[in-house]
Amino acid sequence: MENIPFDKLLLKTAFCCMAADGDIDKNEIAVIKKLCAESPLFQNFDFNTEINALLDRLNNGGKGFISYYFNLLNESKLSDSEELEILKFAIQTIHADEKVEYSEIKFFKAITKCLEVSDELIIANFPEMEMFLGDDIEEENVLDSLVGKYFNSVELPKFSAIKTDIIDNE
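Basis of the calculations
- Residues numbered from 1 in each chain as written.
- Predicted model: local features only at pLDDT ≥ 70, side-chain atom pairs only at ≥ 80, totals over all residues.
- Heavy atoms only, no water.
- Helix = DSSP H or I, 4+ residues; strand = E, 2+ residues; numbered from the N terminus.
- Buried < 20%, exposed > 50% of the residue type's maximum accessible area, 1.4 Å probe, protein only.
- Contact = heavy atoms within 4.5 Å.
- Phe/Tyr/Trp six-rings, centres within 6.5 Å; stacked < 30°, edge-to-face > 60°.
- Expected span 1.5 Å × (residues − 1).

Colleague: I'd like a rundown of the side chain of N59, residues and numbers included.
Modeller: Relative to the assigned elements, N59 resides in helix α3 (residues 47-61). Residue class for N59 comes out buried when judged on its relative accessible area of 12%. Dropping the residues within four chain positions of it, N59 is found in contact with P157, K158 and F159.

Take a look at the structure:
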């Protein structure tokens, strides 16, 4: 598995969370852009180029791109603070459009199964996410099960290019 810089993993996380429900909302784009702008990790960063490169990879790879993301996340060696930052990006993106779809809950659960951070630490940092962490889906291979259930519940469309200049003018 490739070694990926943490900033790229954060962006992939937010991007995949944005696309997880099969819809890319302008509020989600705005939140991701804001998170990147506020983070010291994203220096000399062309948001429009990076987000559209991910969009192309998703459009060309479909569910394979999402599987690749989960494998990448699962194989990454991250500190607790990095894992919490991953979750922060995910949570803020999922809530950006002010509606949380069931596919997004399943996607979030799959993310948490890729990480080593405990549910207790997640709840301590993000108490509003406790309901997302329920152990209602405990099976032999939890990650494969969650990813499979996510794939079975969503059909990823071909998305149009993301125009971030629209977000800047609002």
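Anyway, onward from the coordinates.
Colleague: Kindly report on the packing of aromatic side chains, identifying the contributing residues and their values.
Modeller: Two aromatic rings are characterised by how far apart their centres lie and by the angle between their planes. Enumeration according to the criterion identifies nine aromatic pairs in this entry. Members of the aromatic cluster, each reached through a chain of ring pairs, are F42, F45, F47 and F89.

Colleague: If you had to explain helix α6 (residues 102-114) to someone new, which residues and values would you point to?
Modeller: At 3.6 residues per turn, the α-helix brings residues three or four places apart onto the same side. Between its first and last C-alpha, α6 extends 19 Å over 13 residues, near the 18 Å set by a 1.5 Å rise per residue. Burial of α6 is extensive: eleven of the 13 residues sit out of reach of the surface. Turning to α6, its buried residues number three or more, namely S103, E104, I105, K106, F107, F108, K109, A110, I111, T112 and C114.

Colleague: Residue-level account of the environment of L41, with values.
Modeller: With respect to the secondary-structure elements, L41 resides in the loop between α2 (26-38) and α3. Separated by 34 residues in sequence, L41 and D7 have C-alpha atoms that sit 5.9 Å apart. The contacts of L41, once residues within four sequence positions are left out, are F6, D7 and L10.

Colleague: Describe in detail the environment of S160, supporting the description with residues and values.
Modeller: Looking at the element boundaries, S160 is found in the loop between α8 (142-153) and α9 (164-168). Owing to a relative accessible area of 61%, S160 belongs among the exposed residues under this scheme. For the pair formed by S160 and L55, sequence separation is 105 residues and the distance between their alpha carbons is 8.2 Å.

Colleague: Quick rundown of unusual backbone geometry? Include the residues and the values.
Modeller: In this model, N44 sits at a positive phi of 50 degrees, which is unusual for a non-glycine residue. Checked against the element boundaries, N44 lands in the loop between α2 and α3. The backbone of E98 shows a phi angle near 65 degrees, a positive value even though the residue is not glycine. Along the chain, E98 turns up in the loop between α5 (80-95) and α6.

Colleague: With reference to specific residues and values, describe the environment of L73.
Modeller: Looking at where L73 falls in the secondary structure, it is placed in helix α4 (residues 63-75). By relative accessible area, which is 0% here, L73 ends up buried. In the structure, L73 is positioned 76 residues away from K149 in sequence and 18 Å away in space, judged by C-alpha atoms. When residues no more than four places from it in sequence are discounted, the contact partners of L73 are L9, L78, I86, I111, C114 and L115.

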